[in-house]
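A closer look at the structure
These are the residues of each chain, in order.
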Amino acid sequence: MRTEGFASSTRAFRGLGAFLWTEVLVQAHEELAMAASMLVQSVLLVFVYILAPALLGIAFVGAIIYSMFTMGNRVLNEAAYIRIDHKANDLYLAGPMSPESYFLGIATGILVVYVAPVIVLGALAAFVVHFTWAQGLLLLGLAATVWVFSASVGYVFSTFFRDNRAIWAYSSLFFNIFGVLPPVFYPFRLWPAALAPVALLMPPSAAAALAQASFGFTELSSGEVLLATAGLLAETVFFLLFAIYWARRTVREK
Amino acid sequence: MTELALSSEDLRKVYFSKGAPPTEALAGVALEVRRGERVALLGRNGAGKTTFLKIASTLLRPTSGRIQVFGYDVDRTPEKARPYIAVVPQEGKPFFHLSPREQVYTYLRARGLTRETARARTEEALEKMGLLECANRLSVTLSGGQRQRAMVATVIATEAPLLFLDEPTIGMDPFARRAVWESLRTLTRRGSTILLTTHYLDEAEALSDRLYIIERGRVLVSGTAEDLKRSVGGTVKVLLPGASSMIESFRSFGTCVDDGDALTVIVTPERLGELMDLAVRSKLLATVGPVTLEEAFLRVVGRSIDED
Ligand SMILES: Nc1ncnc2c1ncn2[C@@H]1O[C@H](COP(=O)(O)OP(=O)(O)OP(=O)(O)O)[C@@H](O)[C@H]1O
Ligand SMILES: [Mg+2]
């Protein structure tokens, strides 16, 4: 029998390019949402500028990491919305495109569109913080890692909801608790010392602590650097692999 | 390779949801669709049509039973079946921020079709579904029926070997529905197989080679629309307004349905003359017409409800 298109299931990322492009087209219509994605960060930057201008550098680094972290929230909302309201998963997954491509298409489509304001933020940060190429690359790597983590968690979470209305409260709670409460926007040492390992094990604050240390804003012991790096990488790899597994598994409802 | 595009045996599905008793949506469905056939699944709301389609299209796990698509076990190796299928989901919608043209094209590309094929198929499908005028408008600005046309265009453009369409013509005007019928006929002529659900019985009759009526997760009857109509005991119906009180006199001719005012009698052509004589003698107006699939459906499903 004849099939056109992808006939076999050997390529894991079949359909990714086209679906990523689809998501970019879909997302790019939301100019207001793109601007609004910078809201919390901008407000905090303004507060810091007024209340503690000396901490502006830290706040900028935090704003970049927070921006990448909250992309997971968009992945959550988008994946749930197109599944519940549009039945896009039925359309795309009952076909040759792979479930991995479906998850990664949503995640990277959102990245491509929502990274634009983050680049603006990075450019502004360059006026406030003077960094070397190596520091810049490290920040980029940390931001990318936080994105992989949050997009994976966001996709997995999206599968638990049957109704869009329930999502908003949970997701904003989750992303604000992990993105604003721990030391992302403020110096790592202002976080209670006894709870330092907790902050170092939460990916957004771990990435922020490492960035703060690399810019000389904060001193970290080598043990703390190790804990933050190992924790960040391990959690990110784990959730990425889990999200891929979960994407395959949730093609079929129980 | 097998001549069957789809086959199921003793397929069962029980939904377990929190705080509610389990729902048996499929209670042992055996169904076969041969290659190149157009088959309609009919049944009341909640009969299990969508459940069957979702299991067959690898989107829902059955509780037990066997189901195969082109010989591949859908439950054990769903990934083998997926390249051969395409689905119009019930209540699906196109992406609101894509135009129908972008929607169809990007979908075909995501299924791995080449640029040239995707472009040509997109234009063909948009044309068939009467979407050319609004092909470049965002779907958010389209009417309900136009959105549904965009969904159908997306899926028929795949020309997949096996298409599942769950209420594909819902909300469409009579012209658009006929355009869908024509497109589906063209697809089966080109070798595709189609399983669809619909609540429009004229559609089922016009479109399908065979149909299955399911009720409470069980197949009640299957066959052609003609078989089904014959099974209700006649192919002619006589409508007798104001004859409700005379139901007993007409019972001997065949099935009588009394809607409180008019009496409908289903008869064989052989006994029609005799019945008309009685109607004339009783000074009744009579309208004679063919039995429709809708009447057969009401009879068959109604009888099954009465039995329970
Ligand atoms: N996710 C679910 N959880 C629990 N019960 C369900 C679920 N989905 C469907 N059901 C139940 O299973 C039965 C069959 O539903 P199904 O959607 O297959 O019906 P249908 O024939 O497609 O109906 P309709 O014509 O209204 O679309 C119904 O009783 C329905 O309430
Ligand atoms: Mg249904």
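Residues numbered from 1 in each chain as written. Chains lettered and ligands numbered in written order. Predicted model: local features only at pLDDT ≥ 70, side-chain atom pairs only at ≥ 80, totals over all residues. Heavy atoms only, no water.

Structural notes on the coordination of the magnesium ion (ligand 2)
All names here are of chain B. As a reminder of what qualifies: Each metal site lists N, O and S donors within 2.8 Å (3.2 Å for Na, K and Ca). With water left out of the atoms, a site can look as if it is missing ligands. Secondary structure elements follow DSSP: runs of H or I of four or more residues count as helices, runs of E of two or more count as strands, with numbering from the N terminus. Any residue under 20% of the maximum accessible area for its type is buried, any over 50% is exposed, and the rest in between are partly exposed; the area is computed with a 1.4 Å probe on protein chains only.
Protein coordination of the magnesium ion (ligand 2) is provided by Thr50 (OG1) and Gln90 (OE1), with donor distances spanning 1.9 to 2.2 Å. Of this pair, Thr50 sits in helix H1 (residues 49-56) while Gln90 sits in the loop between strand E6 (85-88) and helix H3 (100-110), and the two are 40 residues apart along the sequence. Judged by relative accessible area, Thr50 falls into the partly exposed class, the value being 24%.

Details of the packing of aromatic side chains
Residues and elements named next belong to chain A. Convention followed: In this scheme Phe, Tyr and Trp rings, the latter by its six-membered ring, pair at centre separations within 6.5 Å, and the angle between planes marks the pair as stacked below 30 degrees, edge-to-face above 60, and tilted otherwise.
Taken as a whole and judged by the stated rule, the model has 25 aromatic pairs over all chains. Their ring planes at 20 degrees and their centres at 5.5 Å tell us that Phe242 and Trp246 sit as a pair that is stacked. Of the two residues, Phe242 and Trp246 both sit in helix H11 (residues 222-249), four residues apart, roughly one turn of that helix. Accessibility expressed as a relative area gives 26% for Phe242, which makes it partly exposed. Classification of Trp246 as buried rests on a relative accessible area of 14%.

What to know about the interface of chain A and chain B
This is how the line gets drawn: Between two residues, a contact is recorded if the distance between any of their heavy atoms is within 4.5 Å. Put simply, a salt bridge is a Lys or Arg side-chain nitrogen that is within 4 Å of an Asp or Glu carboxyl oxygen. In the analysis that follows, any N or O atom pair within 3.5 Å is treated as a polar contact, provided that within protein one partner can donate a hydrogen and the other can accept it, and provided that, for residues neighboring in sequence, both atoms belong to side chains. Gly falls in the polar group here, along with every residue not listed as nonpolar (Ala, Val, Leu, Ile, Met, Phe, Trp, Tyr, Cys, Pro) or charged (Asp, Glu, Lys, Arg).
Facing the 37 residues of chain A at the interface are 47 residues of chain B. In this assembly, chain A and chain B are joined by three salt bridges. Between Lys54(B) and Asp90(A) there is a salt bridge; the shortest N-O distance is 3.9 Å. Counting the contacts that link chain A with chain B gives eleven residue pairs in polar contact (both at pLDDT 80 or more). Put simply, the parts of the chain that give the side of chain A that touches chain B at least two residues each are helix H1 (16-27), helix H4 (56-84) and helix H5 (88-93) of chain A. In terms of residues, the side of chain A that touches chain B owes the most to one element, H1(A), which gives seven residues. Considered class by class, the residues forming the side of chain A that touches chain B number 18 nonpolar, nine polar and ten charged.

Quick notes on the site of ligand 1
All names here are of chain B. Stated formally: Residues are labelled near a given molecule or strand when at least one of their non-hydrogen atoms is within 4 Å of it. Computed with the Shrake-Rupley method and a 1.4 Å probe, the accessible areas treat only the protein chains shown as cover for residues.
Around ligand 1 there are 15 residues in total, and Gly46, Lys49, Thr50, Thr51 and His199 lie nearest to it. A distance of 2.7 Å separates an oxygen atom of ligand 1 from a polar atom in the side chain of Thr50. Within the side chain of Gln90, an N or O atom sits 2.9 Å from an oxygen atom of ligand 1. In isolation ligand 1 offers 630 Å² of accessible surface; the protein chains occlude 70% of this area. Examining the composition of the shell around ligand 1, we find that three residues originate from one element, H1, more than from any other. Considered class by class, the residues forming the shell around ligand 1 number three nonpolar, nine polar and three charged.

Description of the pattern of salt bridges
Residue and element names in this part refer to chain B. One pass over the structure, following the stated rule, counts 31 salt bridges over all chains. Put simply, Arg177 and Asp202 hold a salt bridge, and the shortest N to O gap is 2.9 Å. Linking Arg177 in helix H6 (residues 174-189) with Asp202 in helix H7 (residues 201-207), this pair joins segments that are 25 residues apart in sequence. Owing to a relative accessible area of 40%, Asp202 belongs among the partly exposed residues under this scheme. Ionic pairing is found between Glu182 and Arg189, a salt bridge with its closest N-O pair at 3.6 Å. Take Glu182: its relative accessible area is 37%, and that puts it in the partly exposed class. Ionic contacts of the salt-bridge type, sharing partners, join the residues Arg121, Glu124, Lys128, Glu159 and Arg190 into one network.

With respect to the domain arrangement of chain B
The condition that has to hold: Reported domain spans reflect what an automatic or database domain assignment gives.
Domains assigned within chain B are domain 1 (4-224) and domain 2 (233-290). Taken over C-alpha atoms, the centre of domain 1 of chain B sits 40 Å from the centre of domain 2 of chain B.

Quick word on the confidence of the model for chain B
Here is the rule we go by: pLDDT measures how confident the predictor is about each residue, on a scale from 0 to 100.
For chain B, the mean per-residue pLDDT works out to 94, and 99% of the residues sit at or above 70. Under the prediction, the complex receives an ipTM of 0.92, its pTM being 0.92.

Comments concerning the nonpolar core
The test is simple: Note on terminology: a nonpolar core comprises buried Ala, Val, Leu, Ile, Met, Phe, Trp, Tyr and Cys residues joined through side-chain atoms within 4.5 Å.
Judged by nonpolar contacts, the single largest core of 161 residues is most densely connected at Tyr92(A), Tyr102(A), Leu6(B) and Phe52(B). The leading source of residues in this core is H4(A), at 16 residues.

With respect to the side chain of Thr193(B)
Residue and element names in this part refer to chain B. Its place among the elements puts Thr193 in strand E8 (residues 193-197). Judged by relative accessible area, Thr193 falls into the buried class, the value being 1%. Ignoring any residue separated from it by four or fewer positions in sequence, one finds Thr193 in contact with Ala5, Val33, Arg34, Arg35, Gly36, Glu37, Pro161, Leu162 and Leu163.

Here we look at the packing of H4(A) against helix H10 (residues 203-214) of chain A
Any two packed helices are characterised by the angle at which their axes cross and by the distance between the axes. Residues and elements named next belong to chain A. Keep this limit in mind: Between N-to-C directions, angles span 0 to 180 degrees; the directions come from axes that are lines fitted to C-alpha atoms, helices contributing only their stretch in contact. It is the rotation of the near helix from the far one that decides the hand of a crossing: anticlockwise by less than a right angle makes it left-handed, clockwise makes it right-handed.
Closest axis-to-axis distance for the H4/H10 pair is 10 Å, and the angle between their directions is 145 degrees. Between H4 and H10 lies a crossing whose hand is right-handed. Every residue of H10 that contacts H4 at Ile58, Val61, Ile65 and Phe69 is listed here: Pro204, Ala207, Ala208, Ala211 and Gln212. Here the residues of the contact of H4 with H10 sort into eight nonpolar, one polar and no charged.

Observations regarding the layout of surface pockets
All names here are of chain A. Heads up, the condition is: In the cavity and pocket records, a cavity denotes points on a 1 Å grid over the protein atoms alone where a 1.4 Å probe fits but cannot get out, a pocket denotes an open set with protein on both sides within 12 Å along at least 5 of 7 lines, and lining residues are residues with an atom within 4 Å of a point. Grid points are joined across faces, edges and corners, and a volume is the space filled by probe spheres set on the points.
Roughly 710 Å³ of volume is contained in the second largest pocket. Together, 27 residues line the second largest pocket, and Ala33, Asn73, Arg74, Asn77 and Tyr114 are the ones closest to its centre. At the level of elements, H1, helix H2 (31-36), helix H3 (39-51), H4, helix H6 (99-128) and helix H8 (164-180) are the ones that each hand at least two residues to the lining of the second largest pocket. Sort the elements by how many residues they give to the lining of the second largest pocket and H4 lands first, with eight residues. Of the residues belonging to the lining of the second largest pocket, the class tally is 14 nonpolar, ten polar and three charged.

Details of the environment of Asp202(B)
Each C-alpha atom, one on Asp202(B) and one on Ile214(B), is 17 Å from the other, the two residues being twelve residues apart in sequence. In contact with Asp202(B), other than residues within four places in its own chain, are Arg177(B) and Trp181(B).

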